[in-house]
Every structure is written in structure tokens, then in C-alpha cells.
Amino acid sequence: MAALSVAILSLSSFLPMLVYASPLFAGIFLIPVIDELGLKWGWMVWLTVSLLSAILLAEKESAAFYIFVGYYPMLKPILEKIKPKILCIAAKLAVFSVAIGLMYFILCYVLKLQAVLAEINSVSMAVNLVYYVIMVVMMLIYDVLLDKVRPIYLKRIKPKMKINLRMITFFLLMGFLILGRSDRAYAKTKAVTYFGNEWPVNFLNSEHAQAEADFARIKADGFNTVIYCVPWREIQPGSNGSFDEAALGKLDEMITRAGNCGLSVMLRLGYTWDYADHSSPMSRFNSLFSSRLARSAWLKYAERVYNLCSAHSNFAGAFLTWEDFWTSLASECSGYEEMDRKLMELLTQTQQVFPDLSMEVRLFDDMSGGKPYSHEKTYGCGNASYSSTIITAAMGYSDGSIISPGDAAAMSSALIGRVQAAGKPVFVDQFLYMETTPGYENIAKVSDVNAYLAGMADVFSSRTTGYGLWTYKDYADSIIYNPEFGMGTKGWSVSKASIENIGGNNKMHLNPGGSISQDLTGRGFGNSLSTKARLTVDSAESGKITVTAGRISKSVTVGPGTQTVDIDFGRQCKDSIRISSTVSCYIDDVKLYAHITEGNIYALDGTPGGYLSGIRVLNNNIK
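Residues numbered from 1 in each chain as written. Predicted model: local features only at pLDDT ≥ 70, side-chain atom pairs only at ≥ 80, totals over all residues. Heavy atoms only, no water.

By size, the foremost hydrophobic cluster in this structure holds 130 residues, and its most contacted members are Tyr 228 and Phe 431. For this core, the leading source of residues is helix H15 (residues 292-309), giving eight residues. Those residues in contact with Phe 431, other than ones at most four positions away along the chain, are Ile 391, Tyr 452, Leu 453, Met 456, Phe 460, Tyr 467, Gly 468, Leu 469, Trp 470 and Leu 618. Formed by 34 residues, the second largest nonpolar core is a distinct cluster that contains Val 19, Trp 46, Met 139 and Tyr 142. (Core = buried A, V, L, I, M, F, W, Y, C linked by side-chain atoms within 4.5 Å. Buried < 20%, exposed > 50% of the residue type's maximum accessible area, 1.4 Å probe, protein only. Helix = DSSP H or I, 4+ residues; strand = E, 2+ residues; numbered from the N terminus. Contact = heavy atoms within 4.5 Å.)

Moving on, we get to the confidence of the model for the chain. Averaged over all residues, the pLDDT of the chain is 88; the fraction at 70 or higher stands at 90%. Scored below 50 in pLDDT, residues 168-186 shows 21 contacts in the model against residues more than four places distant or in partner chains. (pLDDT = per-residue confidence, 0-100.)

With that out of the way, let us pick up the pattern of salt bridges. Taken as a whole and assessed by the stated rule, the structure comprises 24 salt bridges. Across the pair Asp 214 and Arg 217 runs a salt bridge, and its minimum N-O distance is 3.8 Å. Linking Asp 214 with Arg 217, this pair stays in helix H11 (residues 211-220), spanning three residues, or about one helical turn. Two residues, Arg 257 and Glu 253, come together in a salt bridge whose shortest N-O distance is 2.7 Å. Residue Arg 257 and its partner Glu 253 are located together in helix H13 (residues 245-260), separated by four residues, close to a single helical turn. Residues joined by salt bridges that share partners form a network here, namely Lys 76, Glu 80, Lys 92, Asp 143 and Asp 147. (Salt bridge = Lys/Arg side-chain N within 4 Å of Asp/Glu carboxyl O.)

This part takes up the environment of Ile 615. Looking at where Ile 615 falls in the secondary structure, it is placed in helix H20 (residues 612-621). Residue class for Ile 615 comes out buried when judged on its relative accessible area of 0%. Along the chain, Ile 615 and Asp 221 lie 394 residues apart, while their C-alpha atoms are 7.7 Å from each other. For Ile 615, the residues in contact, after removing those within four places along its chain, are Phe 223, Tyr 433, Leu 453, Tyr 467, Leu 469 and Ile 601.

This is the structure we're talking about:
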């Protein structure tokens, strides 16, 4: 009975609506224990279930509710000896009120669970008092129901039930099986969006020679999953539905390499941006909601990716995100309601070829007709077993605000609760605790980010199946295709140069007077910052490297050995890039960029940042 009770309590970990119902239902199983074995054994079962639920359950509020009221079926006969009846009812009300009040006092002020504090702080004192009264009334209703359950047990169940070793073994096995399945299915995901030394736009056309070292560091920092962005057009460049087998091969390779390092893989399907050709990928996405041919191609893309990734045992799921389709939907639809409807149509249709595909939902409201419009109709994510969302520390706060860590965690918890209301487990696929994108300099900021990260452990533990970081390592918005030469010379024009593999790493060998160049037409930066170049050079002797971006050329002198070359062109120049050398040398990891997105965990060169300690505390405390 103890194992079955714990199994029932575990349901609250992935069905939030059962947070209070499952403890009350588990308490009913004390009735046959008391009847068959006595009150002493009833208290032992309650104590056992209380200890196990406190240790095993991710939903600590549900475990606490069982600890503080789950024993009531044993206390009820004692209270009902009180005469007259009005005093009996008063005693029951006193027990319920004290137990519930004490429970929340300990959760909030002794254990200081941020998720519970966030719920309480997100509404007024009056609302909390009403909620408290409702819980006491719920216990009175439970008291009446117990009067109905016991006779049913005595008359209909007990005569047919024999407590023996075989039945006990059955219940134990069933309980632990259910509990075990729940823990495996909803183990906390702690993920990073991974793109190596590059960024999502050129992830699939990069070599990632250092991936194993990266994966080891990711695991050491407490993560268990990597998320890969899979651009539609890069996998399926042609409108005729043909596939880029090299890109598919790279995706297959990277899933395998992550698995070999003990990491699970999730995919962000349909990522908008890529450098598959020089035209804008938006034209493809714009036609997705109006062209049957485009929709057919999309479904073939999704099916092909699913067939590839589902063959891997470390594949953990995939999701779309509203933001990849929002611009296209806005051009096709008359309002937010139609946008949501068409987005859900795309999701549910794609789920037919990509089972359990979820979607990052648009959590914040939009103004429509002078009133806020909620996208809550999308929160259920169709046939997916979970909903996905993005959480930023600035959500819910006005620009320029400086937020305390506790207030920021409380707001994040309340926002996740909005998605939870759809009745499914929630995964936060993008967790943004800071923002460095140009144009967003004035958004709200947390006064102590490391404290906020530590406080989010309770939120993620109690409200989600896990989270994913977007910026684990700082990245440059480089517009270079095949920047690490993992795809040979593809995308490059080469003169007196060739690819050489050195220690498993492809490098471009430039002979004296040799050069490589790439046409960058159609690629650009989403800001007006000056253009910078960065590349790794390995030379046996001193010489000169010249980098030409657009019409501006700049030269630097390099010495013997491996070095990183950085050049600032002072203004934007992005039509083309050309690299030449006066000496024999190897070059690798070429970047041409205008901005570095920072997360302050690891810098562009891999140096640890100031928020690494907070991330490690967060991962260590997520249960």
C-alpha cells in the first residue's frame, strides 16, 4: 500500500491539477491497512509514504500536503469521539486550519521554496485568504467522502480481498513500476543549445572538431542534454523537396557524438535562418501558409528528420517555436486569432509525421483592439505530451526596471503557471536570464543574476520537466558558410590553397600568394555595428595575412605558431570576404561578424564567465 500510495502521489509531478487530489486519494489507502493490521501499522505506512514522497517527488507541495493531512483517515475516528457534534466539527476545522497553515509556513519560511513563494506573491493577500478557506472547505468535503468510502470498502471490497504475500508483491511491483516510469519519462532536462564555436545559422555546415571536449565540459557543468537547431532550407534546399545529404549526415553525426558522450539530444525544428543560398529564407516560410507545394515539402522535411533522429536512443524530443513563423503568419493573417489557428494547424499536421513534436508557445500577451490578447489556445500544443515555452528574466517588467532576484523568480514561476494551466508538463526550451541583443539594451535587468539562477532551481524543479539555455557560450553573428572547412571547399573559391586534415581537424592550407574568398551576397547583420573578422592562423614563419571585407583590406603580421587574428574594419562591409597570405600557413574557424551575443558563462574564447557559478548551483539544486 505504501508503494501504491507513493505511485499515486507521483502523478502530481507531471499533472499539476493533481497536486492536492493525489495526496487525498493516497490517504484513502490507509483504510484497509488500519482495518486489517491496526492503527500502529497505519501510522507506519503514513510515515513511510511521507519519507519516500519527500525524497522522490519533484512536486514538493504535493508531498507536503500528504505529510500534513494524509494521516487524517487515522485521526478521524479519534476526533469523532468528541461530543457534542458542533465541538467535533470545530475540532476538525482547527486541525485542518492549523495543518494547512503550518504546511505553508514551513514551505515558505523554513524551506523557502521559491516556487511556492512565487505563487503566493503573485496574487493579493485577499486572494490567498480565499484560497486558504477553499482548502479548509475541501478537507471538510474529504471528511464526508471518507464516511462514504469506508462502508464501500467493508461491504464490497474486503470480502473479496485477501491480504497475502502475493497481493502485497503485486501492489509493490505495480507501484514502483508506475513511479519508475514517471521518473524516467519526466526526468529533469538540463540542456544547452549547442552550436560549437559558431552559431545556429551555420551549425550544420561547421566541423565541430572540438565537440567532444565541449560535451565533456557541458556534462561537468551539470547538463544532460544538448539542443540542435535544424534549419528547414539547409536540410531541404530545393523547392522540389530534394535533400542536402551532407547536412543530414552532419546532423546524424552530431547526434551520435553527443550520445557517445552520454548526452541526450533535442531538436529545434524549422529554424528560420540559414546560408543554404544567397536568397532570403523568408520567402520559403512565407509560402508555407498559402502553398500546398510548400506545405508538402515541409512535411517531407519533418518526416525525414524524424526518421533520422528517432533511430538514435539518445534522441529526447523536438519542438517548433512560434517566433520562427511569426513574421510569415503576420503577412498572411488578419489578426492574432487567425495566426494562432494557422500555427496550430501546422503543428498538428506536422505531428502526424513527427510524433510528439511540441512547440514553444508565445507566452506574453499582444494588444488587439486596445485589449490584451492571450495565446492560451496554443498552450496545449496539440498532441504533444508536453508544452514548451521561453522564459526571460525581463518578462512582466517594464523597460529600465531593476528587479530583485526573488521578484524575478516569482514572476518566472507565475508565467510558467500560465502554460501549466493547459494541463501538460512544461519544458522551458529557452531560458534567458540576460539580454545583449542590439536594440534591447534598456529592457529590465535582474540586480543579482547568480542569485536569480539559484532561486530558479525550485521553480524548474516544481513547475517544469527541465530547461534549456540559449547562450551557454558566447557566439558571434558570423555570416561565413562552412567556416571550419568541415565540408571541404564548399562555399569557397580557392586559389593556391587546399584542405588538409590535421589530427582529425580540417584546415585550409594557403601556399605563399594563395587566397580563399566567399561571396556573402544576401547575408547581413541585424544592426549598424562595425564589421570584425576573426580567424585562427598557424604559420611556420613570420608573414602577412590580408583580409578583405567588401572593399576594405587590412593586413596583419603573424609570427611562427598558432594565433588568433582579430581585425576591426571600423564600419559595416559584408558583400564578400577574401583572405590571402604571403607565407605558407594554415587557417581555420573564419568569422566575419558585427556582434557577439553574451551569456557570461563562457566567453567566445572559452574563458569562464561570472555566471558559471550560478549555473552550476542551479543545475545541482534542480531535483
